[in-house]
Amino acid sequence: MRSDFPILKKVAYLDNAATTQKPIQVIEAVKEFYTDSCANIHRGVYSLSEEATNKYEDARKKVAGFIKAEDDEVIFTKGTTESLNLLSYCLYPMIKGDEIVLTELEHHANIVPWQQMAKRHNLRIKYIKLKDDFTLDYEDAKSKITVKTAIVSFAHVSNAIGTINDVKMLCNLAKQNNAISIVDAAQSALCYPIDVKALGCDFLAFSGHKMFAPTGIGVLYGKVELLNKMPPFNTGGDMIKHVSFEDAEFQGSPLRFEAGTPNIAGAIGLGVAVDYISSHSHDICENCGGLRKYCIDSLNKLGDINLYCPENGASIISFNIGKAHPHDVASLLNDHDVCVRAGHHCAMPLMGKLGVPGTVRVSLACYNNKEDIDRLIEGLKHVKEIFK
Amino acid sequence: MSAEDMYRENILELYNEPLNFGELGDATHKHHEYNPLCGDDITMQVIIEDDIVKDVKFNGKGCAISIAAASLVTDSVKGKKVEDVLSMKSSDVIELLGIEIASVRLKCALIGLEALQKAIRRE
């Protein structure tokens with residue numbers, strides 16, 4: 001698998017929660033679209049346009065199969081951020097209750113859109129607490145998700161500390177209280193098989209670029225009966241049934257939410273990425289868990305490490321080392337061609353709660369190996385020498 | 001260049017024991033600057049009398065580069081005319097640091113000067 005990602009010869013790439021590298025199969029598919037079948041979709045009557053349309057819609061089918069949804073429940077967006085913003089703008093007519101329940105470990109993309117929605121419609125936001133062991137307090141969840149709750153939105157996997165949340169349980173709590181459940185699957189879509197029906201969520205969002213696809217393409221899954229009742233987000237071409245000088249009638253899902261020419265090449269790339277992940281699913285599950293343990297054990301052996309991650313988490317490992325600031329650590333690791341993220345990971349409220357300005361974050365993908373971790377540790381030894 | 005070149009002994013000393021670090025109770029000018037990209041967080045407090053910087057202190061949290069730079073900048077402006085402090089540029093900070101700064105870390109080096117100039121301009 002590693003040979004499909006030529007860039008890995010150059011660096012120990014450990015910033016996969018930010019974006020993953022792309023396999024040559026995806027890069028080729030994007031290139032092939034622009035070289036051989038570039039045309040706009042859903043409109044042209046010539047063969048080239050038909051070919052482009054088929055490729056785009058095939059990608060939708062692949063994604064739908066990947067998350068066990070129906071084709072018309074898969075909307076292509078720019079990414080998780082846009083998917084969540086879309087919901088924050090379009091859900092208001094669908095909700096009962098006036099409280100939005102989030103968790104303390106959310107990414108800004110799953111906080112700020114709701115803060116804005118709350119301001120527009122005079123709603124309140126409540127946060128499910130994080131416990132000292134870096135897992136969610138489900139007792140707190142039970143007390144906060146009530147009949148007053150309109151929306152429950154939460155990450156499947158925390159991008160900052162790797163906590164894996166109990167999606168089924170939270171969706172079920174939402175359902176019992178007639179609230180809408182939304183899952184931010186940005187960090188889980190690559191590593192954890194997703195079955196939207198089994199999870200019981202109303203909506204689920206993820207980004208292509210964190211799962212081997214190009215940037216600028218993402219997905220919003222929604223139950224079709226909800227999507228078809230929601231007002232549109234962007235309006236314009238392709239999403240209408242009929243337009244007069246006075247008014248317009250809209251398409252149903254998914255076109256209803258895909259105004260304008262979409263990222264066709266990106267969607268095709270995502271379709272290929274989904275095939276790639278499905279054909280390597282065994283390696284994906286096997287490798288990450290073992291490597292996470294190897295990484296945490298190596299960090300503990302090195303000493304002077306403060307870990308910020310739960311015992312059983314995803315392959316996202318947050319830590320600080322001695323007195324060194326995360327940014328200095330990341331700069332010095334770059335000398336060793338080790339790519340890690342340093343900072344607040346777009347989770348400022350969570351960092352405030354942890355009492356740190358930021359952390360160093362190592363996030364693994366299935367193509368990483370022990371040598372990558374060994375290079376990280378060598379680099380950290382160097383950091384320790386400098387900041388002794 | 002390698003990052004290691006940035007972490008000279010003097011920079012690390014200033015990180016461990018910053019100059020002019022603390023509170024100025026009677027500050028006439030104050031500014032809090034935050035870099036949302038990396039979390040550097042610096043509050044500059046200045047006493048200005050007759051257009052002269054009489055005293056200056058800073059506090060906050062930041063990386064070695066930002067803390068060392070804020071130390072050196074505050075030390076260099078005491079007794080200086082306000083207009084001279086306002087005309088200081090990034091090149092002056094880099095000269096004070098005496099190291100080459102990778103472009104991705106330039107913001108760290110400059111946050112102290114930025115906070116100081118904003119404090120003086122009362123932004």
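Residues numbered from 1 in each chain as written. Chains lettered and ligands numbered in written order. Predicted model: local features only at pLDDT ≥ 70, side-chain atom pairs only at ≥ 80, totals over all residues. Heavy atoms only, no water.

Enquirer: Any details on the packing of aromatic side chains? Residues and values, ideally.
Expert: All names here are of chain A. A complete count under the given rule lists 12 aromatic pairs over all chains for this structure. Seen from their ring centres, Phe134 and Tyr308 are 6.4 Å apart, and the 85° between their planes marks the pair as edge-to-face. Separated by 174 residues along the polypeptide, Phe134 in the loop between strand E4 (124–128) and helix H5 (138–144) and Tyr308 in the loop between strand E11 (305–307) and strand E12 (316–321) bring together distant segments of the chain. By relative accessible area, Tyr308 is classed as buried at 12%. An aromatic cluster is present here, built from Phe5, Phe212, Tyr276 and Tyr367 joined pairwise through their rings. Seen from the ring of Tyr89, Arg120 lies directly overhead, with NZ or CZ sitting 3.9 Å from the centre. Lying across the ring of Tyr294, Lys370 places its NZ or CZ 4.8 Å from the centre. (Phe/Tyr/Trp six-rings, centres within 6.5 Å; stacked < 30°, edge-to-face > 60°. Helix = DSSP H or I, 4+ residues; strand = E, 2+ residues; numbered from the N terminus. Buried < 20%, exposed > 50% of the residue type's maximum accessible area, 1.4 Å probe, protein only. Lys NZ or Arg CZ within 6 Å of the ring centre and 35° of its normal.)

Enquirer: Talk me through empty space enclosed by the protein; I want residue IDs and the actual numbers.
Expert: Regions of empty space are outlined by a rolling probe, equal in size to a water molecule, passed over the atoms. All names here are of chain A. Inspection of every chain in the model, using the stated rule, returns 2 cavities of 30 Å³ or more. Estimated volume of the largest cavity: approximately 150 Å³. Every residue lining the largest cavity is counted, 16 residues in all, and those nearest its centre are Gln187, Leu190, Cys191, Ile316 and Leu364. Of the residues in the lining of the largest cavity, the class split is 10 nonpolar, 5 polar and 1 charged. Residue-level mapping places the lining of the largest cavity at the junction of two domains, with at least three residues from each of domain 1 (2–22 + 281–381) and domain 2 (24–278). In this structure, the second largest cavity occupies an estimated 30 Å³ of space. Broken down by element, the lining of the second largest cavity gets its largest block of residues, 3 residues, from helix H6 (residues 167–176). (1 Å grid on protein atoms, 1.4 Å probe; cavity = no way out; pocket = protein on both sides within 12 Å on 5 of 7 lines; lining within 4 Å. Points joined across faces, edges and corners; volume = space filled by probe spheres on them. Nonpolar A, V, L, I, M, F, W, Y, C, P; charged D, E, K, R; others polar. Domains from an automatic or database assignment.)

Enquirer: I'd love a proper account of the domain arrangement of chain A, names of residues and values included.
Expert: For an interface, size is often stated in terms of accessible area lost upon the parts coming together. All names here are of chain A. Examined at the domain level, chain A breaks down into domain 1 (2–22 + 281–381) and domain 2 (24–278). A separation of 27 Å is found between the C-alpha centroids of domain 1 and domain 2. Across the contact, 35 residues belong to domain 1 and 34 residues belong to domain 2. With both sides pooled, the region where domain 1 packs onto domain 2 buries about 2800 Å², and carbon together with sulfur makes up 61% of that total. Glu104 is the partner of Lys353 in a salt bridge, and the nearest nitrogen-oxygen pair spans 2.9 Å. Along the contact surface separating domain 1 from domain 2 lie 18 residue pairs in polar contact (both at pLDDT 80 or more). (Contact = heavy atoms within 4.5 Å. Buried area = accessible area lost by both parts, 1.4 Å probe. Salt bridge = Lys/Arg side-chain N within 4 Å of Asp/Glu carboxyl O. Polar contact = N/O pair within 3.5 Å; in protein donor to acceptor, adjacent residues only side chain to side chain.)

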